[in-house]
Amino acid sequence: MAETKNAAKAAAKGSASAMNLPLDRIVQGDCIEVMNALPEKSVDVIFADPPYNMQLKDTLHRPDNSKVDGVHDAWDKFSSFSAYDDFTTRWLAAARRVLKDTGTIWVIGSYHNIFRVGAELQNQDFWILNDIIWRKSNPMPNFRGTRFTNAHETLIWAAKSADKGGYTFNYDAMKSMNDDTQMRSDWVIPICSGKERLKDGEKKAHATQKPEALLYRVLMSSTKPGDVILDPFFGTGTTGAVAKKLGRHFIGIERETDYIKVAQARIADASPADAEALGYNEGKRAQPRVPFGTLVERGMITPGTTLYDSHRRFAARVRTDGTLVAADSKGSIHQVGASVQGAPACNGWTFWHVEKKGQLYPIDVFRQQIWAEMH
């Protein structure tokens, strides 16, 4: 599953099609070099959990004098803030190059680094969509009692630029997951513990392993089945395991052999959902646009038909070009619906009804019939 850098470069030559990407594999090597070897504009979403540069100098102990298994790894050490900033500039530039114009990037960090990373995202013209607060329901306490307990991390979600639209946001799926209430930007999710926390003997396999619940929400909100998610700091493979379960492709980049071995075993154990289970609530905004005129030209509603609101207070007649005419207005189904009510706006699809055998049916029924045919 792991590859050398040279193998990654060979796999990445050619066009940006999925055939030329190391899909569902872990590429071993420096993330900047590997990303620069991948085809330009070839991945849909990037999830990045870069080094935090925590600047830890002393060993931390609990009140019982037991040692805290914190972040002391070499990959989290930088000689200075300027060295860290240089690294951030280079990996973000490589990420920007490989991200599709319609793609988005997620970066997670702590107070040690997220503000520096956020500034560089804006320096490189990424357009910040949200900052998400991951509030940990079971944070590590502050053992020294010298400051507030660090109970959250920040995720920045950004588009490639302000004028690069078309990115994926599964608004209706997020609302469905949240009991039909809009999903907010503060997420309460526990840190890894118990069976989810991967171990190497008695020690944590990775100091900053992220919970699968966090990646589940990230991928469900901003990707579609079949999308390619790149994780340039793959670690023990949380992104890959969740991507596999959700029917997405992943590309993992990781330097450390020990992490790769753990990630390989973890992903091998992950089971993808079946095709039916991979469905989700896309909502009407994700559906193809169907003009009202399509219903008219297909004979589903004929010119001259009278449309009514659900209480028959208002009426309008359909014209040959799909516009409506009422007593004092003419225009689209939305414009005339707003006009007769004296309202600033109107959803004509749900406002107007057609009469069939004495019963009123919203014209949206016909639009849904066309959507069904499209699918």
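First, a word on what this report is: a plain description of the structure on this page. (Residues numbered from 1 in each chain as written. Predicted model: local features only at pLDDT ≥ 70, side-chain atom pairs only at ≥ 80, totals over all residues. Heavy atoms only, no water.)

**Thoughts on the environment of Phe 78**
Piece 1. Structurally, Phe 78 can be placed in the loop between strand S3 (43–48) and helix H3 (81–98).
Piece 2. Distance from Phe 78 to Asn 53, taken between C-alpha atoms, is 6.5 Å for residues 25 residues apart in sequence.
Piece 3. With near-sequence residues (within four places) excluded, Phe 78 lies in contact with Pro 51, Asn 53, Ala 83, Tyr 84 and Phe 87. (Helix = DSSP H or I, 4+ residues; strand = E, 2+ residues; numbered from the N terminus. Contact = heavy atoms within 4.5 Å.)

**Some points on the pattern of salt bridges**
Piece 1. Tallied over the full model, the rule gives 14 salt bridges.
Piece 2. Here Lys 41 and Asp 101 are joined by a salt bridge, their closest N and O atoms 3.3 Å apart. With a gap of 60 residues between them, Lys 41 in the loop between helix H2 (31–37) and S3 and Asp 101 in strand S4 (residues 99–109) connect regions that are remote in the sequence.
Piece 3. One connected set of salt bridges, linked through shared partners, spans Lys 41, Asp 101 and Lys 160. (Salt bridge = Lys/Arg side-chain N within 4 Å of Asp/Glu carboxyl O.)

**Regarding the packing of aromatic side chains**
Piece 1. For the structure shown, the criterion picks out 12 aromatic pairs.
Piece 2. Considering the side-chain rings of Phe 292 and Trp 349, the 6.1 Å spacing of their centres and the 70° angle between planes classify their relative orientation as edge-to-face. Within this pair, whereas Phe 292 is found in helix H9 (residues 292–297), its partner Trp 349 is found in helix H11 (residues 348–351), the two being separated by 57 residues in sequence. Comparing Phe 292 with Trp 349, the two get one shared label, buried.
Piece 3. Ring pairing ties together the aromatic residues Trp 106, Trp 157, Tyr 167, Phe 169, Tyr 171 and Trp 187, which thus form one cluster.
Piece 4. Sitting above the plane of the Phe 126 ring, Arg 96 keeps its charged end 5.0 Å from the centroid. (Phe/Tyr/Trp six-rings, centres within 6.5 Å; stacked < 30°, edge-to-face > 60°. Buried < 20%, exposed > 50% of the residue type's maximum accessible area, 1.4 Å probe, protein only. Lys NZ or Arg CZ within 6 Å of the ring centre and 35° of its normal.)

**Here's the deal with the nonpolar core**
Piece 1. Residues Met 35, Val 43, Ile 46, Trp 91, Ile 105, Leu 121 and Leu 230 are the most contacted members of the largest nonpolar core, which totals 32 residues.
Piece 2. When contributions to this core are tallied by element, the ones reaching two or more residues are H2, S3, H3, S4, helix H4 (114–123), strand S6 (152–159), strand S10 (228–231) and strand S11 (249–254).
Piece 3. With seven residues, the top contributor of residues to this core is H3.
Piece 4. If sequence neighbours within four positions are ignored, Trp 91 has contacts with Cys 31, Ile 32, Met 35, Ala 48, Pro 50, Ile 105, Val 107 and Phe 233. (Core = buried A, V, L, I, M, F, W, Y, C linked by side-chain atoms within 4.5 Å.)

**Regarding the packing of H3 against H4**
Piece 1. Two elements in contact, H3 and H4, have axes whose closest approach is 10 Å; the angle formed by their N-to-C orientations is 45°. Our classification of the angle between H3 and H4 gives oblique. The interaxial crossing formed by H3 with H4 has right-handed handedness. Contacts between H3 and H4 pair Phe 81, Tyr 84, Asp 85, Thr 88, Thr 89 and Leu 92 from the former with Arg 116, Val 117, Glu 120 and Leu 121 from the latter.
Piece 2. In the contact of H3 with H4, the residues fall into five nonpolar, two polar and three charged. (Axes fitted to C-alpha atoms, helices over the stretch in contact; angles between N-to-C directions. Parallel < 35°, antiparallel > 145°, perpendicular 65-115°, else oblique. Left-handed = near helix turned anticlockwise from the far one by under 90°. Nonpolar A, V, L, I, M, F, W, Y, C, P; charged D, E, K, R; others polar.)

**Things to note about H4**
Piece 1. Of all the residues in H4, the buried ones are Ile 114, Val 117, Gly 118, Glu 120 and Leu 121. What you see down the axis of H4 is that its buried residues fit within an arc of 165°, all on one side. Exposed and facing more than 90 degrees away from the buried side of H4 are Phe 115, Gln 122 and Asn 123.
Piece 2. Residues of H4 that are buried in the fold lie against H3, S4 and S6. (Arc of directions from axis to C-beta.)

**Some words on unusual backbone geometry**
Piece 1. A positive phi is found at Asp 125, a non-glycine position, where the angle reads about 70°.
Piece 2. Along the chain, Asp 125 falls in the loop between H4 and strand S5 (127–135).
Piece 3. Although it is not a glycine, Lys 357 adopts a positive phi angle of roughly 55°.
Piece 4. Positionally, Lys 357 belongs in the loop between strand S16 (353–356) and strand S17 (359–362).
Piece 5. Since its relative accessible area comes to 88%, Lys 357 is described here as exposed.

**A word on the environment of Thr 294**
Piece 1. Along the chain, Thr 294 falls in helix H9.
Piece 2. It is 8.9 Å that separates the C-alpha atoms of Thr 294 and Arg 367, two residues lying 73 residues apart in sequence.

**Some words on the sheet that holds S16**
Piece 1. One open sheet holds the six strands; their spatial order is S15-S14-S13-S12-S16-S17, and the pairing between them is antiparallel. With one partner strand each, in any of the chains shown, strand S15 (330–331) and S17 form the two edges of the open sheet.
Piece 2. In this sheet, S17 lies alongside S16 in antiparallel orientation, the contact comprising four bridges. By the bridge assignment for S17, Val 354 is matched with Tyr 361. (Pairing = 2+ DSSP bridges.)

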